[in-house]
Amino acid sequence: NRLTEFCLRWPTVLAGSDSDLITLLTHMPRIEELHLNAYPSRREAGDESAVSIEALPSIIHRCPRLHHLELLFDFRITPSQEALERSSIGHSALQVLDFGEALMNAGESEARVLASWFHALLPKEPGFVLKGALSANDEVVLLTEVLDEMARLRTTSRGVALLPH
């Protein structure tokens, strides 16, 4: 219950679901930094993370002191518009979100959905950092489509800094 930092590195992807992660975090209410194998050194067939972006609001609500989250997300699990409308993290301590070498379906529509989620959920405060790389069809792609869509959504020049891995 007093744990404030947790770091786990493993050579392969850690299998788990949104509910698995939320269950783990119920035992870490004071966590401030969480690093869960966002950059595995190798991937094997069928060995993919099942943690979706839909888990982010629950993570933030369960861990209000969390300021650094490094976690491999699977963006191939496309969030629904309904889920987006009912999700909000509001004000949080989160300063850094590193989604690792996340998996994503390649395409403009997927980038638009992901950008909408990032825009709606993530803090708009100056200094917030979003890091990671997207992997589509076994090849790492630039965040260009997501960044373009976020730029379109952003109404001010202040906000999220997107950094390459």
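Quick note: structure is the one above.
Residues numbered from 1 in each chain as written. Predicted model: local features only at pLDDT ≥ 70, side-chain atom pairs only at ≥ 80, totals over all residues. Heavy atoms only, no water.

Caption draft 1: Seen up close, the overall build of the chain. From N to C terminus, the chain includes five helices and seven strands. Ordering the α and β elements of the chain from the N terminus gives β-α-β-α-β-α-β-α-β-β-α-β. In the chain, which comprises 165 residues, the share counted as buried stands at 43%. Long-range contacts, defined here as pairs at least 24 residues apart, represent 87% of the contacts in the chain between residues at least 6 apart. (Helix = DSSP H or I, 4+ residues; strand = E, 2+ residues; numbered from the N terminus. Buried < 20%, exposed > 50% of the residue type's maximum accessible area, 1.4 Å probe, protein only. Contact = heavy atoms within 4.5 Å.)

Caption draft 2: Quick peek at the nonpolar core. Counting 31 residues, the largest nonpolar core has Leu 56, Ile 59, Leu 69, Phe 73, Phe 75 and Leu 97 as its most contacted members. Looking at this core, the elements with two or more residues in it are helix H1 (18-25), strand S2 (33-36), helix H2 (56-62), strand S3 (68-71), strand S4 (96-103) and helix H4 (108-121). If you tally residues by element for this core, the top one is H4, at four residues. Excluding its chain neighbours within four sequence positions, the residues that come into contact with Ile 59 are Leu 21, Ile 22, Leu 25, Leu 66, Leu 69 and Leu 71. (Core = buried A, V, L, I, M, F, W, Y, C linked by side-chain atoms within 4.5 Å.)

Caption draft 3: Geometry of the environment of Asp 20. Its location among the elements puts Asp 20 in helix H1. The partly exposed category is assigned to Asp 20, whose relative accessible area is 46%. Between the C-alpha atom of Asp 20 and that of Val 51, which follows or precedes it by 31 residues, the distance is 8.7 Å. Polar side-chain contacts of Asp 20 include one of 3.0 Å to the backbone nitrogen of Ser 17. (Polar contact = N/O pair within 3.5 Å; in protein donor to acceptor, adjacent residues only side chain to side chain.)

Caption draft 4: How the structure looks around the environment of Glu 32. Residue placement: Glu 32 occurs in the loop between H1 and S2. Glu 32 gets classed as partly exposed once you look at its relative accessible area, which sits at 30%. Along the chain, Glu 32 and His 67 lie 35 residues apart, while their C-alpha atoms are 5.5 Å from each other. Excluding residues that lie within four positions of it along the chain, Glu 32 makes contacts with Thr 4, Arg 65, Leu 66, His 67 and His 68.

Caption draft 5: Structural detail: the pattern of salt bridges. Applying the stated criterion across every chain, the model contains one salt bridge. In this structure, the salt-bridge partner of Glu 70 is Arg 9, at a minimum N-O distance of 2.7 Å. One end of the pair, Glu 70, is in strand S3; the other, Arg 9, is in the loop between strand S1 (5-8) and H1, and 61 residues separate them in sequence. Since its relative accessible area comes to 8%, Glu 70 is described here as buried. (Salt bridge = Lys/Arg side-chain N within 4 Å of Asp/Glu carboxyl O.)

Caption draft 6: Examining the side chain of Glu 70 more closely. Of the polar contacts made by the side chain of Glu 70, one reaches the side chain of Arg 9; its length is 2.7 Å. A distance of 3.4 Å separates polar atoms of two side chains, one belonging to Glu 70 and the other to His 35. When near neighbours in sequence (up to four residues on either side) are disregarded, Glu 70 contacts Arg 9, Leu 34, His 35, Leu 36, Ala 38, Tyr 39 and Asp 98.

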